[in-house]
Amino acid sequence: MSGSPYFYGQPEFLAKKTETMAAKTHRVLPGFGLALGYTLVYLSLLILLPLGGMILKASELGFGQIMDIALGERSLAAFRVTFGASFLAAAVNAVFGLIVAWILVRYPFPGKRFVDALVDLPFALPTAVAGITLATLYAGNGWLGQYLEPLGIKVAYTPLGIVVALTFITLPFVVRTLQPVIEDIETEVEEAAASLGASRWQTFVKVIFPAIFPALLTGFALAFARAVGEYGSVIFIAGNLPLISEITPLLIISKLEQYDVLGATALAVVMLGLSFILLLSVNLLQWWAANRHRNSEPLEVAAAKASGVTA
Amino acid sequence: MSHFRKSIASVLLSLVASAALADASLLNTSYDVARDVYKDYNPMFQKYWKAKSGESIELKQSHGGSTKQVRAVADGLEADVVTMNQANDIEFLAEKGLVAKDWAKKFPNNASPYTSAMVFIVRKGNPKAIKDWADIAAPGVQMIIPHPKNTGNGRNTYLSAWAWALKQPGGNDAKAQEFLGKLLKNAPLFAAGGRDATTTFMQRKMGDVLITFESEAEMIAKEFGKGDFEVIYPSLTMQTEFPVAVVEKVVDKKGTRKQAQAYLEYLWSKEGQENAAQNYLRPRDAELLKKYAANFPPVKTFTVDEVFGSASKAFAAHFKDGGSFDQIYVAK
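These notes cover the structure that comes with them. (Residues numbered from 1 in each chain as written. Chains lettered and ligands numbered in written order. Predicted model: local features only at pLDDT ≥ 70, side-chain atom pairs only at ≥ 80, totals over all residues. Heavy atoms only, no water.)

**Some thoughts on the sheet that holds strand E10 (residues 244–246) of chain B**
Residues and elements named next belong to chain B.
(1) Moving on: With mixed pairing, 4 strands are arranged side by side in an open sheet as E2-E1-E3-E10. With partners counted over all chains shown, the strands left at the sheet margins are strand E2 (57–64) and E10, one partner each. This sheet shows a mean twist of 20 degrees between the axes of neighbouring strands, independent of strand direction.
(2) Moving on: In this structure, strand E1 (residues 24–31) lies alongside E2, joined through 8 bridges in parallel fashion. Bridge pairing in E2 places Leu26 opposite Leu59. (Pairing = 2+ DSSP bridges. Helix = DSSP H or I, 4+ residues; strand = E, 2+ residues; numbered from the N terminus. Axes fitted to C-alpha atoms, helices over the stretch in contact; angles between N-to-C directions.)

This is how it looks when you write it as structure tokens:
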């Protein structure tokens, strides 16, 4: 904590609390030792134990065999579809989720609370229901599909359908991570930038964007990670054709249908490894962005710079 | 909070009470769409068993994808009996030692109390003139089926087409695989499951032909009305079996062997057979088959054992990784 009021990707109330806590050096939770012990036990039980079991199971196969499974033509195609569609979905949400978050924080409008609640719906809806609904909407005779298909755009039962389903499922991640951060940027900062002569574009690029970029990356990473593992909604809209629209989780299910638990575990471990590498690089990028911003001047100074006035 | 606790207590109480009221309790682990069959069958058996032995019996049902269900039983779900839609699933339990090795001989008719057949559902008036498997492989025809590798329904379709191709003049495995390649090219998608395929065909109006169980055709009629489609019986199709077995390990532990055995045997009784017929499953009982002949037109069928040796052999040759299905998509 550098004392800067800008914390990234944290809910607002947490950010405020840590701020006051730092000021009083008073801790609400019991001592460090107990809290750390609890954290370790909790994480071990919840995450490390199942993951460890999985990796142990997969290690019954040699590295060569795991690679054989992972590098099969169908597996490779499925990895491409899964990671490609997840990346696209997360990217789409990074752009449009940002707009939604911005509108929800910055502008009062009638029905705002309702819209705000809508954002959480993809969290609450059983994913299979989402998949079936989307497939019905985008099928050739669906409400949307009937207009898209004459234009030559097929959504249901194509890889594009996978992207649509994943975009739907992962929307809340980006919006909910961005909202508290945008709330923390006071409008005065924008006004200051404007009064110092910065254009709207300059204010956005040089003042606002650097402040929200780390949170945007967090939202992107969360959305991406969620999308990679998604099964329920995708299988109903994907079409599931080998080499074209099969996702990796479907191949895992297919292995389980053959009672091939080992093969399924091997695929899962490879998928986990790939996801881990991707998430780690996003985290590094975020760390770098946050650091760069933190080491630099407060927003007011950035605003001044943006407008070309030296402080 | 106290409200919550109260409701938990009442649930626990009612569980204890129902267990205390019944003299014995059986868990039937079953495939997904068997719900309707056993919903009607269970009260019939309870009445029969009460009259015969004086015992009241509690019957619990668990439904889900066939393979998933079997895996749960292998992992320790205490099912007294399994009633499945694929022989290789019970075969798996036999390998694990949970079910007798000769389970198929423990009951009549290959331990399958009723059967069905794979049929074609086409649009009203059959605009693409689909009469047999060859017509579906023709260019410009679209076929809707569930994933052949991941669903029993899809596998039955695949094997039906394979067996038909084998029986054509000069037919052999290579030619059958070539035919399946042509057939699968006409699948614009593989549905997630049997019901999903039905929705895709009937509601989203995709494809020219849906291939599914004969019993499913009646479900479609109930759901979407009879006016929209026709049922076509191909020249040769698979007789699908629904094998049942007692889970030896569980009944020995729970002491429910007698009840479990009776529960499955009763499926072959007049009442049990009639219940199957009313659910549009072909009864084994010849008289009842005649009585319900309007629902079950004659069709030339084969069994998996006849053409492929056994369900497990068919699975290994065609649906395991690297099997004929994979070879069609991945030339290696």
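**Describing helix H3 (residues 63–70) of chain A**
(1) Moving on: Listed in full, the buried residues belonging to H3 of chain A are Ile66, Ile69 and Ala70 of chain A. Here the buried residues of H3 of chain A occupy an arc of 95 degrees about the axis, which is enough to place them on one side. (Buried < 20%, exposed > 50% of the residue type's maximum accessible area, 1.4 Å probe, protein only. Arc of directions from axis to C-beta.)

**What to know about the packing of aromatic side chains**
What characterises a pair of aromatic rings is the spacing of the ring centres plus the angle enclosed by the ring planes.
Residue and element names in this part refer to chain B.
(1) Moving on: Enumeration over the complete set of coordinates arrives at 32 aromatic pairs over all chains.
(2) Moving on: Look at Tyr48 and Tyr266: their rings are 4.2 Å apart centre to centre, the planes differ by 20 degrees, and that puts the pair in the stacked class. A residue pair is termed long-range when its members are at least 10 positions apart, and Tyr48 in helix H2 (residues 35–53) and Tyr266 in the loop between helix H12 (257–265) and helix H13 (270–278) qualify at 218 residues.
(3) Moving on: Among the residues examined, Tyr266 registers a relative accessible area of 8% and is labelled buried. (Phe/Tyr/Trp six-rings, centres within 6.5 Å; stacked < 30°, edge-to-face > 60°.)

**A look at the layout of surface pockets**
Residues and elements named next belong to chain B.
(1) Moving on: If you add up the space inside the largest pocket, you get close to 1200 Å³.
(2) Moving on: In this structure, the largest pocket is lined by 50 residues; those nearest its centre are Asp32, Gly65, Ala192, Gly193 and Gly194.
(3) Moving on: When residues in the lining of the largest pocket are grouped by element, the largest group, 5 residues, is from helix H10 (residues 214–224).
(4) Moving on: Among the residues forming the lining of the largest pocket, the class breakdown is 19 nonpolar, 18 polar and 13 charged.
(5) Moving on: Domain assignment of the residues forming the lining of the largest pocket places at least three in each of domain 1 (2–113 + 242–268) and domain 2 (115–240 + 300–329).
(6) Moving on: As a volume, the second largest pocket reaches approximately 460 Å³.
(7) Moving on: Lining the second largest pocket are 29 residues, and of these Ala87, Asn88, Val304, Asp305 and Ala311 sit closest to its centre.
(8) Moving on: Secondary structure elements with two or more residues in the lining of the second largest pocket: helix H4 (87–95), helix H7 (152–166), strand E9 (237–241), helix H15 (304–308) and helix H16 (311–318).
(9) Moving on: Both domains that furnish three or more residues to the lining of the second largest pocket are identified here as domain 1 (2–113 + 242–268) and domain 2 (115–240 + 300–329). (1 Å grid on protein atoms, 1.4 Å probe; cavity = no way out; pocket = protein on both sides within 12 Å on 5 of 7 lines; lining within 4 Å. Points joined across faces, edges and corners; volume = space filled by probe spheres on them. Nonpolar A, V, L, I, M, F, W, Y, C, P; charged D, E, K, R; others polar. Domains from an automatic or database assignment.)

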